[in-house]
Amino acid sequence: MAFLTASASDHTTSGSAIGRFFSAIGNALVAIGEANPRLRRVEALQRLSDEQLAARGLKREDIVRHVFRDVFYL
């Protein structure tokens, strides 16, 4: 799983009303995604060492599959 970090520039504050509207929608979607408890669980597991993950019976590449196992049928 890849994570992308981007920062907004000042063009959103001086842009058109339509630009600010879509920027607000985008910010709301990001906030909803970051508030997801599953995402927080993935991040917590990713902070563990490989040894700690092994003690839990997990490999680093299986974290997302483990957290979302009841949602995705893989």
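Predicted model, so just to flag it, every value in this text is computed and none were measured.

Participant: Explain the overall build of the protein chain to me, using residue names and the numbers behind them.
Facilitator: Regarding its fold elements, the protein chain presents five helices and zero strands. Start at the N end of the protein chain and walk to the C end: the helices and strands fall as α-α-α-α-α. Classification of the 74 residues of the protein chain by burial places 12% in the buried group. Counting every atom, the protein chain has about 6200 Å² of accessible surface; 59% of that belongs to carbon and sulfur.

Participant: Please provide a residue-by-residue account of the environment of Val67, values included.
Facilitator: Counting through the fold element by element, Val67 comes out in helix α5 (residues 63-67). Expressed as a C-alpha distance, the spacing of Val67 and Leu39, which sit 28 residues apart in the sequence, is 8.5 Å. The residues touching Val67, leaving out its near neighbours within four places in the chain, are Arg38, Arg41, Val42 and Leu45.

Participant: Quick one: what's the story with the pattern of salt bridges, residue by residue and with numbers?
Facilitator: Within the structure shown, the criterion is met by three salt bridges. As a salt-bridge pair, Arg38 and Asp70 come within 2.8 Å of each other at their nearest N and O atoms. On the criterion of sequence distance, the pair formed by Arg38 in helix α3 (residues 37-46) and Asp70 in the segment after α5 is long-range, its members being 32 residues apart. A residue is classified by how much of its surface remains accessible, and Arg38, at 26% relative accessible area, is partly exposed. The closest approach of N and O atoms between Asp50 and Arg60, which form a salt bridge, is 2.8 Å. Taken together, the residues span a long stretch of sequence, with Asp50 in helix α4 (residues 50-55) and Arg60 in the loop between α4 and α5 at a distance of 10 residues. Residue Arg60 is classed as partly exposed on the basis of its relative accessible area of 34%.

The rules we used
- Residues numbered from 1 in each chain as written.
- Predicted model: local features only at pLDDT ≥ 70, side-chain atom pairs only at ≥ 80, totals over all residues.
- Heavy atoms only, no water.
- Helix = DSSP H or I, 4+ residues; strand = E, 2+ residues; numbered from the N terminus.
- Buried < 20%, exposed > 50% of the residue type's maximum accessible area, 1.4 Å probe, protein only.
- Areas by Shrake-Rupley, 256 points an atom, 1.4 Å probe, with all protein chains shown as cover.
- Contact = heavy atoms within 4.5 Å.
- Salt bridge = Lys/Arg side-chain N within 4 Å of Asp/Glu carboxyl O.

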